[in-house]
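Topology and contacts: notes
Each chain, written out:
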Amino acid sequence: MPGLDAATLSSLKTLTQYYAVTAFIALMIGVLLGPLQALNYGGINVYDSPLLKVLIKSYYQGLTLHGVLNALVFTQFFISGWMLYLPVRDLNVRPNMRFAWFTYLMMTAGLLTAAVPLLTNDATVLYTFYPPLEGSPVFYIGAAVMVAASLLVAGQVVWLWLAWKRAHPGRVTPVVTYMSVATWLMWVVAALGLVVEVVVMLIPWSLGLTRGVDPLLARTLFWWTGHPIVYFWLLPAYISWYAFLPRQAGGRMASEGLTRLAFAMFLVFSVPVGLHHQYADPNVQNSWKIIHMFLTFLVAVPSLLTAFSAAASLEDAARARGGRGLIGWVRRLPWGNASMTAQVLAMVSFIFGGAGGIVNASMAFSPVVHNTAWIPGHFHITVGTATTLTFMGVMFWLVPHLTGKRLASPRTALASVWWWFTGMMLFALGMHWQGLAGVPRRALVSASAQQGVYDAMHLGLPKIITAASGGVLFIAAILFYTVLWRTLLSRRVDDPESTPIPRSDAISAAGETLADASPLVRRTEPLLALTFVALVLVILVYGPVIAPMLTNYQFIPGQRLW
Ligand code: HAS
Ligand code: HEM
Ligand code: CU
């Protein structure tokens, strides 16, 4: 099969840059709104100011834009570029660039379509778009086109991988490709719920073709996708932690076999857990909620494997640089490198994010934290830091690698990641704390009659911490975007390949051929068969939950509460 030639590589690099830059533009707008929300949770209401009203009609319009741009648009664009580029380079195969550009344009068209009703306040339905809240059909159509485009990228990567396998029978899939293909296949199984919800239920309903929609079924289909989507955001960061960060730190990846096991487990166990978002929903049997709870604990295992592997490879790096002692080695990591520092700090935040996730998943604790400020606390140190700060760190080498431009001001880059980490840790502290006291999420609490109640509960300190964190994060964003735009707008000075992909060697490699490989490597190789297992498991744990909802379908008319 044809290898990558210079012209295709150059086009692929431009495409990857388009994906990444579009992603970071979306994040920039989304992140501008964050501090205003943080002020709200600091007891300061800025939403009545006439100046802001010109742009944003309500707290909820801002919150919808924030959630959609950050969690849906930023992630999807960055990941689509990243997880097309990496396997293509890893396998050295020639993709069909017309198709690749077509998917980018399709995703962008979906984004622009969805943006119109969001900006005109016609789809203020938050990023979970729970019916019976009813947005403009244009929003649902735009979102569907975006998701469809990501599935086409998935298809292209799987296609290239299968072609490579045919051309190299008996060879072990290289680990970066393995991780990318496993993540894409997981996303295909995951996306089914959302696709059915949007295409079969929401679009016809918002067009007025059906007389109502069933909120419970819609929510269930939403969380079929909505939980695994968080791994669709996380695993591309894991790819960097496993395959690139060790080299950036000066060491090696721990074990390719273990890495493959972690991704195989994510492929099989990421989807059948969605009910942990619906413990409070009526008309879903408790026994199914409990089964989803245990499966949630199971899907935490590959993250624990990752924690072990990541720590081992960082220790390997630090000891190679002369580090000593039980924890003293940490000081020998190259803390002057902004890209490495961003990712290690992202990992540190994820220790707390993951621990909080286990709390959320426990049915005994869930009633205390569900729908409170604790939950935004949880996901700003998962998607908002573990993922986002990792992608920011990746940009510090990826942009020079793609463009041949040098990173503008590495010192500012380093400062930006410390500011982001500090801001998000403060934010998480303030929000988790308020959540435990019962302050609700998704509420304009600063204008609420409840303020007096909160004050009586001595929430002054967590409110100050939350408001301040918004300021810290605002500074972080300014520093980061100064570096990014200055880098992108500078002139090309190097041959792009002089900044190579920082691919790490492994302490324990998987081997070249399946015949020589360990049983673990051999059993994790058939990713399509594992996808089939995943699908069967999802049907087993969702079938009995969804079937009664279908036979008892409720037609609930739409509501527009804004
Ligand atoms: Fe979550 C709600 C449970 C992970 C994102 N989650 C959310 C929502 C979002 C989100 C966006 O069970 C809100 C949805 C909404 O709007 O309603 N979550 C979990 C569990 C995990 C988990 C069990 N979440 C994530 C990730 C996310 C994310 C990842 C985004 C990227 N989450 C829940 C539940 C809810 C929920 C309930 C519903 C709550 C409710 O009531 O509504 C697990 O996957 C976590 C496993 C992670 C670990 C940590 C491993 C640690 C690592 C770092 C190691 C560090 C090292 C550093 C080595 C076990 C890998 C070394 C440092 C040196 C210096 C050397
Ligand atoms: C919600 C602040 C960055 C994703 C929120 C909320 C606050 C906030 C206070 C809670 C609002 C509420 O429940 O009423 C901030 C600040 C940021 C920031 C100060 C940094 C400047 C991010 C990033 C992401 C993100 C980087 C993801 C990549 C979300 C999502 C929601 C949210 C998905 C939920 C929206 C909803 O409940 O509908 N943010 N955020 N945020 N944020 Fe952020
Ligand atoms: Cu979840």
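Residues numbered from 1 in each chain as written. Chains lettered and ligands numbered in written order. Predicted model: local features only at pLDDT ≥ 70, side-chain atom pairs only at ≥ 80, totals over all residues. Heavy atoms only, no water.

**Overview of the coordination of the iron atom of ligand 2**
Within the protein, His66 (NE2) and His380 (NE2) serve as the donor atoms for the iron atom of ligand 2, at 2.0 Å. Taken together, the 6 donor atoms coordinating the iron atom of ligand 2 span angles of 87 to 179° at the metal, a pattern that classifies the geometry as octahedral. Placement of His66 in helix 3 (residues 59-91) and of His380 in helix 14 (residues 374-380) is noted, with a sequence separation of 314 residues between them. Summarising the burial analysis for this pair, His66 and His380 share the class buried. (Donors = N, O, S within 2.8 Å, 3.2 Å for Na, K, Ca; no water. Tetrahedral: all angles 85-135°; square planar, octahedral: opposite > 155°, others 65-115°. Helix = DSSP H or I, 4+ residues; strand = E, 2+ residues; numbered from the N terminus. Buried < 20%, exposed > 50% of the residue type's maximum accessible area, 1.4 Å probe, protein only.)

**A look at the coordination of the iron atom of ligand 1**
A lone protein donor contacts the iron atom of ligand 1, and this donor is His378 (NE2), found at 2.2 Å. The distance between the iron atom of ligand 1 and the copper ion (ligand 3) is 4.6 Å. Relative to the helices and strands, His378 is located in helix 14.

**Overview of the side chain of Thr524**
Checked against the element boundaries, Thr524 lands in helix 19 (residues 519-524). Among the polar contacts made by the side chain of Thr524, one reaches the main-chain carbonyl oxygen of Val521 at a distance of 3.1 Å. In this structure Thr524 touches Tyr178, Arg260, Leu261, Ala264 and Leu530, once residues within four positions along its chain are discounted. (Polar contact = N/O pair within 3.5 Å; in protein donor to acceptor, adjacent residues only side chain to side chain. Contact = heavy atoms within 4.5 Å.)

**Brief notes about the site of ligand 2**
Near ligand 2 there are 26 residues, and of these Tyr59, His66, His380, Arg441 and Arg442 occur at the shortest range. For ligand 2, an oxygen atom lies 2.7 Å from a polar atom in the backbone of Arg442. Secondary-structure elements contributing two or more residues to the shell around ligand 2 are helix 1 (6-40), helix 3, helix 14 and helix 16 (410-436). Per-class residue counts for the shell around ligand 2 are 17 nonpolar, 7 polar and 2 charged. (Near = heavy atom within 4 Å. Nonpolar A, V, L, I, M, F, W, Y, C, P; charged D, E, K, R; others polar.)

**Examining the side chain of Arg441**
Here Arg441 lies in the loop between helix 16 and helix 17 (451-456). Not counting the four nearest positions on each side in its chain, Arg441 is found in contact with Tyr41, Asn371, Thr372, Ala373, Ile375, Pro376 and Phe379.

**Describing the packing of aromatic side chains**
For any pair of aromatic rings, the description rests on two quantities: the centre-to-centre distance and the angle between the ring planes. The final tally for this structure, using the stated rule, is 42 aromatic pairs. Here the aromatic rings of Tyr47 and Tyr59 are separated by 5.0 Å at their centres, their planes lie at 85°, and the arrangement is edge-to-face. With Tyr47 in the loop between helix 1 and helix 2 (50-55) and Tyr59 in helix 3, this pair connects stretches of sequence that are 12 residues apart. In textbook terms, an aromatic cluster arises when at least three aromatic residues are bridged by ring pairs, as seen for Phe24, Phe74, Phe78, Trp82, Phe244, Phe391, Phe396, Trp397, Phe480, Tyr481 and Trp485. Above the plane of the ring of Tyr130 lies Arg219, whose end atom (NZ or CZ) is 4.2 Å from the centre. Cation over ring: Arg260 sits above Tyr178, and NZ or CZ is 4.3 Å from the ring centre. (Phe/Tyr/Trp six-rings, centres within 6.5 Å; stacked < 30°, edge-to-face > 60°. Lys NZ or Arg CZ within 6 Å of the ring centre and 35° of its normal.)

**Things to note about the confidence of the model for the protein chain**
A low pLDDT score tells you not to read the predicted coordinates there in detail. Looking at the protein chain as a whole, its pLDDT mean stands at 96, while 100% of the residues score no less than 70. Across the interfaces of the predicted complex, the ipTM metric reaches 0.99, alongside a pTM of 0.98. (pLDDT = per-residue confidence, 0-100.)

**Describing unusual backbone geometry**
Peptide bonds are, in most cases, trans, and in most cases residues other than glycine have a negative phi. Residue Pro132 is bonded to the preceding Pro131 through a cis peptide linkage, with omega at 15°. Along the polypeptide, Pro132 turns up in the loop between helix 4 (97-119) and helix 5 (137-167). Within the chain, Leu126 stands out as a residue other than glycine whose phi angle is a positive 60°. Assignment of secondary structure puts Leu126 in the loop between helix 4 and helix 5. Residue class for Leu126 comes out buried when judged on its relative accessible area of 9%. In the Ramachandran plot, Phe129 falls in the positive-phi region, its phi being about 25° despite a non-glycine side chain. For Phe129, the location among the structural elements is in the loop between helix 4 and helix 5.

**Regarding the site of ligand 1**
Taken together, 34 residues lie near ligand 1, and Tyr127, Tyr231, His370, His378 and Arg441 sit nearest. Tyr127 is positioned such that a nitrogen or oxygen atom in its side chain is 2.7 Å from an oxygen atom of ligand 1. Taking His370, its side chain carries an N or O atom lying 2.6 Å from an oxygen atom of ligand 1. Elements supplying a minimum of two residues to the shell around ligand 1: helix 8 (228-243), helix 11 (286-320), helix 12 (338-361), helix 14 and helix 15 (383-403). The leading source of residues in the shell around ligand 1 is helix 12, at 10 residues.

**A few points about a nonpolar patch on the surface**
Side chains of Val195, Val196, Val199 and Val200 sit close together on the surface and give an oily, nonpolar patch of about 300 Å² of accessible area. With respect to the helices and strands, Val196 occurs in helix 6 (residues 175-206). (Patch = residues over 30% accessible without salt bridge, like charges linked within 9 Å, V, L, I, M, F, W, Y side chains within 5 Å. Areas by Shrake-Rupley, 256 points an atom, 1.4 Å probe, with all protein chains shown as cover. Salt bridge = Lys/Arg side-chain N within 4 Å of Asp/Glu carboxyl O.)

**Side note on the nonpolar core**
In this structure, Phe24 and Phe78 are the most contacted members of the largest nonpolar core, which totals 179 residues. Residue contributions to this core peak at 19 residues, all from helix 6. Those residues in contact with Phe78 that lie beyond four places of it in its chain are Tyr19, Ala20, Ala23, Phe24, Phe391, Val394, Met395 and Leu398. Of all hydrophobic cores here, the second largest spans 5 residues; its members include Val172, Leu514, Ala517 and Val521. (Core = buried A, V, L, I, M, F, W, Y, C linked by side-chain atoms within 4.5 Å.)

**A word on the packing of helix 6 against helix 7 (residues 215-226)**
Two numbers describe how helix 6 lies on helix 7: the axes approach to 7 Å, and their chain directions differ by 150°. Relative to helix 7, helix 6 is oriented roughly antiparallel. In the crossing of helix 6 with helix 7, the sense of the turn from one axis to the other is left-handed. Across from Trp187, Val189, Ala190, Ala191, Leu192, Gly193, Leu194, Val196, Glu197 and Met201 in helix 6, the residues of helix 7 making contact are Leu217, Ala218, Leu221, Phe222, Trp224 and Thr225. Classifying every residue of the contact of helix 6 with helix 7 gives 13 nonpolar, 2 polar and 1 charged. (Axes fitted to C-alpha atoms, helices over the stretch in contact; angles between N-to-C directions. Parallel < 35°, antiparallel > 145°, perpendicular 65-115°, else oblique. Left-handed = near helix turned anticlockwise from the far one by under 90°.)

**Considerations on the environment of Ser518**
Among the secondary structure elements, Ser518 is positioned in the loop between strand 2 (506-508) and helix 19. What makes Ser518 partly exposed here is its relative accessible area of 34%. Along the primary structure Ser518 and Gly257 are separated by 261 residues, whereas in three dimensions their C-alpha atoms are 8.1 Å apart.

**Remarks on the pattern of salt bridges**
Oppositely charged side chains can pair when the atoms bearing their charge come close. This model, assessed by the stated rule, comprises 12 salt bridges. Residue Glu512 pairs with Arg171 through a salt bridge whose shortest N-O separation is 3.8 Å. Within this pair, whereas Glu512 is found in the loop between strand 2 and helix 19, its partner Arg171 is found in the loop between helix 5 and helix 6, the two being separated by 341 residues in sequence. For Glu512, a relative accessible area of 54% corresponds to the exposed category. The structure contains a network of salt bridges with shared partners spanning Lys165, Arg260 and Glu525.

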